[in-house]
Amino acid sequence: FVADKGNYRHFMVKEIWEQPEVVGRTVAHYLDASANRFQFPELGAIDFANLQRLTICACGTAYLAGYVARYWFERLARLPVDIDVASEFRYREAPMTPGGLALFISQSGETADTLASLRYARSQGQSILSVVNVTTSTIARESDAVAPTFAGPEIGVASTKAFTCQLSVLLSLAVYAGRQRGVLSEAEEARIADLMMGLPGQFSEALKLEHDIEQMSRDLSRARDVLYLGRGPAFPLALEGALKLKEISYIHAEGYAAGELKHGPIALVDEDMPVIVIAPRDELMDKTVSNIQEVAARGGRIILIGDGDAVRQTGLDNVAALTMPDIDPVVAPIVYAAPIQLLAYHVAVFMGKDVDQPRNLAKSVTVE
Ligand code: G6P
C-alpha cells in the first residue's frame, strides 16, 4: 500500500471527502438491503437478548464515537451502558458482573490503554467485542468477536473517516441489539436501514458547506479560546469538534454539554470567545436554541451548525450559521461530523499548521 494524496492538499481533507464512500461501504456490510435488516454474523456466540450491561472503552476520537453510541444503545436497545476512556478504565478496578459485554473501539487496534482495558475486562469474565479498522491488529486478535470498519488506511493523525465508520458500525449494532432484545420494531429497523442507506448522499450534501466553512475559518483562526456546545448525541460531537480544533489548530477549545453552560462556562462568554453550537433537529433543539440566546444576550459570538429550523428559531441576525440539510435525528451525529471536521481543518490550514502531522501527537499511541 502506497499512501497517495491524489489531488488533495492533505491526507486529512482527502479522508474527509472519502467519507460518503467508506461510510456507504461500512453500512452495506452490515445491512441486508433486500430484507432491510441489520446482520452481524461476526458476533458468533455474543447475544444481546439477555445482556445486562454493555461497557464501552476507547481513547481519543474512538472514545467519542463510543460516547455517541451510548445514546443509541440506551434509546434503541434499552441497554444499560457504561463508558470510559481506557486510561482511566484500566485502573478503576471496576467491578463487572460476569456475562457482560465489553466493547472496544480503535482505529489502529494497537492503542496501549485500550488493549490493557480489554485484558482487564476479560479477567472480569466479560465477552469481548471490538470495532477496529485494522483487522490484523492486537486488539482484534484478542477479541472474541470483531466488527470491522471499512474506512481503508487512515493516514492523517487526526481521525476523521475512521470516526464516521465507527459510528456507522455502532448504530447498526444498536439497531441489531434493539431487535434482539425485542424493543425495536421491524418497521423502525427498516426505517433506520433506509436512513443509513441515504447516509452517503446526505454526507455529500453536508460537505458542500466547505466553501462557507472556509470563509468562517478565517475569523475563527483569530480566537484564543473556543467553546463547543451540544446536547444529547450532539454533546459528544461537541467534544469531538473541540478535540479536532485543539489537535490541528492548537486553539484551545472546550466541548460542553449545552445544559451545563449555566454551571460555569457562561462566565467566560464575551465577544472574543466564539461559541460553536451544534443543534440538529431533535427533541432537544428548542433547549439548545435557548442556550444560543443566552450566549447572545451576553455578547457572545455564535457559530451555529444546525438544522434550518434552529437557525430560524434563534431569531438573531448576528449568528453565523452553517445550515445543514434536513436530517433525521437518529443518523444526524454521523452527518454532523462533516462540518466539525472541515471547520477544524480549514482553521488549521489558514493558520499554516501541519495538518497531517500535528506537533506532539502520534497516529497510534502504543505506549502508555
Ligand atoms: C491518537 C490519535 C487519535 C485517535 C486515538 C485513538 O490519539 O491521534 O486520532 O483517536 O489515538 O486511536 P485508536 O487507534 O485506538 O482509534
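For the structure itself, look to the data block above.
Just so it is clear, the model here is predicted, and its values are computed rather than measured.

(A) How the structure looks around the overall build of the protein chain. The number of helices and strands found in the protein chain is 15 helices and 12 strands. Here the C-alpha radius of gyration of the protein chain, 20 Å, is about what a compact globule of 368 residues would show, namely 21 Å. Here the C-alpha coordinates of the protein chain stretch approximately 55 × 45 × 40 Å along the principal axes. Going through the 368 residues of the protein chain one by one, you find that 52% of them count as buried. Considering only residue pairs separated by 6 or more positions, the protein chain has 76% of its internal contacts joining residues 24 or more positions apart.

(B) Broad picture of the sheet that holds strand β12 (residues 320-324). The strand order β9-β8-β10-β11-β12 describes an open sheet built from five strands, whose pairing is parallel. The open sheet terminates on both sides in strands that have one partner only, identified here as β9 (252-257) and β12. With strand direction ignored, the average angle separating the axes of adjacent strands in the sheet is 15°. The sheet contact formed by strand β10 (residues 274-279) and strand β11 (residues 301-307) spans six bridges and is parallel. Each residue of the ladder has a partner; that of A279, found in β11, is G306. Sheet strands touched by helix α12 (residues 285-297): β8 (225-230), β10 and β11. Its angle to β10, the strand with the most contacts, is close to 165°.

(C) Looking closely at the nonpolar core. By size, the foremost hydrophobic cluster in this structure holds 126 residues, and its most contacted members are L170, A174, L229, A238, L304, V335 and Y336. Per element, the largest residue contribution to this core is 12 residues, and it comes from helix α7 (residues 161-180). When sequence neighbours within four positions are dropped, the list of residues in contact with V335 reads L199, Q202, F203, A206 and I327.

Cut-offs and rules
Residues numbered from 1 in each chain as written. Predicted model: local features only at pLDDT ≥ 70, side-chain atom pairs only at ≥ 80, totals over all residues. Helix = DSSP H or I, 4+ residues; strand = E, 2+ residues; numbered from the N terminus. Rg over C-alpha atoms; globule rule 2.2 N^0.38 Å. Buried ≥ 20, exposed ≤ 12 C-beta atoms within 10 Å, placed from the backbone. Contact = placed C-beta atoms within 7 Å. Pairing = 2+ DSSP bridges. Axes fitted to C-alpha atoms, helices over the stretch in contact; angles between N-to-C directions. Core = buried A, V, L, I, M, F, W, Y, C linked by C-beta atoms within 7 Å.

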